[in-house]
Amino acid sequence: MIHLDRDAMTPLYVQLANVLRERIREGEIPVGRRLPSQAELEVETGGVVSRRTIKTALELLATEGLVQGVQGKGVYVIAVPS
């Protein structure tokens, strides 16, 4: 389960990106593995965030060069954060 704080100053998409980044860093989601789908992440957050928020978090990780989307297949980890 992913716990996000709706009352925090940090936007929900940044909180979610931080959680996913840490999972990648710790090897819970290794390079080459697909991230959970947007629907799976929505369930994992307890429905606290919208799919748009999830998409924004994934876009943030993509701009950092950590993940890459493959059309029709999902979003895959391509690098470990330093």
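Residues numbered from 1 in each chain as written. Predicted model: local features only at pLDDT ≥ 70, side-chain atom pairs only at ≥ 80, totals over all residues. Heavy atoms only, no water.

**Q** Requested: an account of the overall build of the protein chain, with residues and values cited.
**A** Across its full length, the protein chain carries three helices and two strands. Shown N-terminal to C-terminal, the secondary structure of the protein chain runs as helices and strands in the order α-α-α-β-β. In terms of C-alpha radius of gyration, the protein chain reaches 12 Å, essentially the compact-globule figure of 12 Å for 82 residues. Overall size of the protein chain, expressed as C-alpha extent along the three principal axes, is 35 × 30 × 20 Å. Here the protein chain, with 82 residues, has 33% of them falling under the buried criterion. Nonlocal contacts in the protein chain, meaning residues at least 24 apart in sequence, comprise 52% of its contacts between residues at least 6 apart. (Helix = DSSP H or I, 4+ residues; strand = E, 2+ residues; numbered from the N terminus. Rg over C-alpha atoms; globule rule 2.2 N^0.38 Å. Buried < 20%, exposed > 50% of the residue type's maximum accessible area, 1.4 Å probe, protein only. Contact = heavy atoms within 4.5 Å.)

**Q** Talk me through the pattern of salt bridges; I want residue IDs and the actual numbers.
**A** In the structure shown here, the tally under the stated rule is eight salt bridges. Residues Arg21 and Glu64 are paired through a salt bridge, measuring 2.8 Å at the closest nitrogen-oxygen approach. Pair noted here: Arg21 is in helix 1 (residues 12-25) and Glu64 is in the loop between helix 3 (51-63) and strand 1 (67-70), with a separation of 43 residues, a long-range link. A residue is classified by how much of its surface remains accessible, and Arg21, at 13% relative accessible area, is buried. (Salt bridge = Lys/Arg side-chain N within 4 Å of Asp/Glu carboxyl O.)

**Q** Outline the pairing of strand 2 (residues 74-77), supporting the account with residue identities and numerical values.
**A** In summary, the side chains of a regular strand alternate between the two faces of the sheet. In this sheet, strand 2 lies alongside strand 1 in antiparallel orientation, the contact comprising four bridges. The residue of strand 2 that forms the bridge with Val70 is Gly74. Turn length for the strand 1-strand 2 hairpin, with the two strands adjacent in sequence and antiparallel, is three residues, and the turn residue Gly72 shows positive phi of about 80 degrees. (Pairing = 2+ DSSP bridges.)

**Q** Quick one: what's the story with the nonpolar core, residue by residue and with numbers?
**A** Of all hydrophobic cores here, the largest spans 19 residues; its most connected members are Leu16, Leu35, Leu58 and Val67. Elements that contribute at least two residues to this core include exactly helix 1, helix 3 and strand 2. Top contributing element to this core by residue count: helix 1, with five residues. With residues near it in sequence (within four places) discarded, Leu35 still touches Ile29, Leu58, Val67, Val75 and Val77. (Core = buried A, V, L, I, M, F, W, Y, C linked by side-chain atoms within 4.5 Å.)

**Q** Give me helix 3: which residues, what numbers.
**A** Given a rise of 1.5 Å per residue, 13 residues ought to cover 18 Å, and the 18 Å separating the end C-alpha atoms of helix 3 matches this to within 8%. Within the sequence span of helix 3, burial applies to Thr53, Ile54, Ala57, Leu58 and Leu61. Buried residues along helix 3 cover an arc of 140 degrees about the axis, so they all sit on one side. Those residues of helix 3 that are buried lie in contact with helix 1, helix 2 (38-44), strand 1 and strand 2. Where helix 3 terminates, the next one or two residues include Gly65, which has phi positive at roughly 80 degrees. (Expected span 1.5 Å × (residues − 1). Arc of directions from axis to C-beta.)

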